[in-house]
Protein chains: 2
Amino acid sequence: MSASVDRYRVRPGQRFRLADCDPEDNSTFDGEREAAEAEFAALNDRLEALQELLHAEGRHRVLVVLQAMDTGGKDGVIRKVFEGVNPTGVRVASFKVPTAPEMARDYLWRAHQQVPANGELVIFNRSHYEDLLVVRVHELAPEKRWRRRFDHIQAWEQMLADEGTTIVKFFLHISKDEQRQRLQDRLDDPEKRWKFSLGDLKERERWHDYQAAYEEVIDRTSTDSAPWYVIPANRKWYRDLVICRILVATLESLDMTFPQPADLTGVVVT
Amino acid sequence: MSASVDRYRVRPGQRFRLADCDPEDNSTFDGEREAAEAEFAALNDRLEALQELLHAEGRHRVLVVLQAMDTGGKDGVIRKVFEGVNPTGVRVASFKVPTAPEMARDYLWRAHQQVPANGELVIFNRSHYEDLLVVRVHELAPEKRWRRRFDHIQAWEQMLADEGTTIVKFFLHISKDEQRQRLQDRLDDPEKRWKFSLGDLKERERWHDYQAAYEEVIDRTSTDSAPWYVIPANRKWYRDLVICRILVATLESLDMTFPQPADLTGVVVT
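On a predicted model such as this, the values are computed, not experimentally measured, just so you know. (Residues numbered from 1 in each chain as written. Chains lettered and ligands numbered in written order. Predicted model: local features only at pLDDT ≥ 70, side-chain atom pairs only at ≥ 80, totals over all residues. Heavy atoms only, no water.)

1. Structural notes on the packing of aromatic side chains
The full count for this structure, using the stated rule, is 14 aromatic pairs over all chains. Seen in terms of ring centroids, Phe171(A) and Tyr214(A) are 4.3 Å apart; in terms of plane orientation they differ by 35 degrees. Their pairing is tilted. On the criterion of sequence distance, the pair formed by Phe171(A) in strand β4 (residues 165-173) and Tyr214(A) in helix α11 (residues 207-221) is long-range, its members being 43 residues apart. The exposure classification of Phe171(A) matches that of Tyr214(A), with both residues buried. The ring centre of Trp109(B) lies 4.2 Å from the NZ or CZ of Arg105(B), which sits over that ring. (Phe/Tyr/Trp six-rings, centres within 6.5 Å; stacked < 30°, edge-to-face > 60°. Helix = DSSP H or I, 4+ residues; strand = E, 2+ residues; numbered from the N terminus. Buried < 20%, exposed > 50% of the residue type's maximum accessible area, 1.4 Å probe, protein only. Lys NZ or Arg CZ within 6 Å of the ring centre and 35° of its normal.)

2. Quick look at the relation of the copies chain B and chain A
For the match of chain B to chain A, the screw axis carries a shift of 0.0 Å, the RMSD comes to 0.0 Å, and the turn is 180 degrees. Given the turn and translation reported, the copies of this chain are related as if by a two-fold rotation axis. A shared binding surface is used by both copies, with 100% of the interface residues of chain B retained as interface residues in chain A. (Least-squares fit on C-alpha atoms with pLDDT ≥ 70 in both. Contact = heavy atoms within 4.5 Å.)

3. Thoughts on helix α9 (residues 176-188) of chain A
All names here are of chain A. For α9, which comprises 13 residues, the first-to-last C-alpha distance of 19 Å matches the rise-based estimate of 18 Å (1.5 Å per residue) to within 8%. Among the residues of α9, Glu 178, Gln 179, Arg 182, Leu 183 and Arg 186 are the ones counted as buried. Considered in projection along α9, the buried side chains sweep an arc of 135 degrees and stay on one side of the axis. Where the residues of α9 are buried, they touch α10 (198-205), α11 and α12 (236-252). (Expected span 1.5 Å × (residues − 1). Arc of directions from axis to C-beta.)

4. With respect to the sheet that holds strand β2 (residues 90-94) of chain B
Residue and element names in this part refer to chain B. Pairing within the open sheet is parallel, and its five strands lie in the order β2-β3-β1-β4-β5. The two strands at the open ends of the sheet, each matched to only one other strand, are β2 and β5 (228-232). The sheet shows a mean angle of 20 degrees between the axes of neighbouring strands, direction not considered. Pairing geometry for strand β4 (residues 165-173) and β5, over five bridges, is parallel. Of the residues in β5, the one forming a bridge with Phe 170 is Tyr 229. (Pairing = 2+ DSSP bridges. Axes fitted to C-alpha atoms, helices over the stretch in contact; angles between N-to-C directions.)

5. A short note on the side chain of Arg110(A)
Residues and elements named next belong to chain A. Structurally, the position occupied by Arg 110 is in helix α5 (residues 108-113). When its relative accessible area of 11% is taken as the criterion, Arg 110 is described as buried. Of note is the side chain of Arg 110, whose polar atom sits 2.9 Å from the backbone oxygen of Lys 96. At 3.0 Å, the side chain of Arg 110 forms a polar contact with the side chain of Glu 102. Excluding residues that lie within four positions of it along the chain, Arg 110 makes contacts with Phe 95, Lys 96, Val 97, Pro 98 and Glu 102. (Polar contact = N/O pair within 3.5 Å; in protein donor to acceptor, adjacent residues only side chain to side chain.)

6. Re the interface of chain B and chain A
Taken residue by residue, the interface counts 26 residues in chain B and 26 residues in chain A. Summed over both sides, the interface of chain B with chain A buries roughly 2200 Å², with 49% coming from carbon and sulfur. Counting the surface chain B buries against chain A, the share from its top three residues, Asp106(B), His112(B) and Glu163(B), is 25%. At the boundary of chain B and chain A, one finds six salt bridges. Among the ionic pairs, Arg149(B) bridges to Glu163(A), the shortest N-O distance being 2.9 Å. Taken together, the connections running from chain B to chain A amount to 17 residue pairs in polar contact (both at pLDDT 80 or more). Elements with a minimum of two residues in the side of chain B that touches chain A: α5 (108-113) and α8 (149-162) of chain B. (Buried area = accessible area lost by both parts, 1.4 Å probe. Salt bridge = Lys/Arg side-chain N within 4 Å of Asp/Glu carboxyl O.)

Structural data, given as structure tokens:
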């Protein structure tokens, strides 16, 4: 399990290159597909138990950031990895095109509103990082302005961590060819077509700009308090397995315990 | 006007001492009481006009932070200085004892929710600084934890400023003797007694702890982007005059203009 954590975690202070990461990599699992499924099922049960404990203990807050290129698998991860958790303690916050009230304030305003409370696990489906990705690629703000956001975001995440939030950030890394295949599948499958938009093809033309933007984001904002994990995501089973391993390891590191009630000796329910 | 701005602004990089500030000071106004009232009335009109322009232009956001010891005059400033402004574009956010949802998250969460939108002026009646004041004096968090908040707050305010918020912070500086007088007045006046609580006397016992906490807060968090102004506040007329001068100077520095509509030549309303 820790092999995945170590291998895909981006260490601060080392120059990170996306080119060094193979989206096809499955090197931390050695075995048959069935064995992978069995491990995933066991980890998934463990994740559910840990999330229940997080909720019961009510002391920690967990923020999971999901970023990826279009078709990278954010929705798939949410469905597959988190399908069994208790919705009372888990919330998905999706960040789409900013609304008028969001545009009228700083870009961290909407993200800050959605941070987890004690005992909560919140998944950011896209995040404040879009303000360093789509904003950069489409030049929605001058470079002088978005460049400062590396510092803002690092400081903001550090504040969240100092005040008791555990942060894990996943970049689901697919290849350009895998994206082509997945977009084509969406077009061809009547039940997937609703997820396709012509805008996706426009965005695909900027593939290299986005990859460069991601590379710098990951390089500059992976910290000890809020690490990025770059997950090989061409193979969905491997992507889900690795993410599940990392989440379980992260939650186990919190050393949570069920709250001890006061001495109940002799208490009888009548 | 700029004499007040310069004299009471705390410059970063110089060691700030509260003992150097006289709560009785009225050195930037030389004249009769009536002349002060006339100047205040004129400034107040100007402030109203500038706030209207802020709202009409809808480009800038203004955050005014008010901090003071009990009876220091926060409510008085809000009533007197802002009484004529248009409530559509002005909002007071009061930060009291944190609620349960606020306690379950980081201390900046509730402050961030209340920041001004484009065209808005928001007054923080108490603020995120309480998490470095009351929390410190009453040891509500370990020192290791609150000490980090100097950096958090500086970074957060810098982010707000970088993204277009103009920040001015006022500390209303009264003497311990003036506080005694004002608390006694509250006790003696049936229409003021509702503002008195026995807790105020408990807090008064910590006067020196609070003054020390304020001194460090002001010393460490007065920046070019989010300056502190330490306002002599024993004399209410002088306090209000100086604050009004600083607000007018701040809003004038934004160089606002009414939006220019498209060419309306020949347009007739029928």
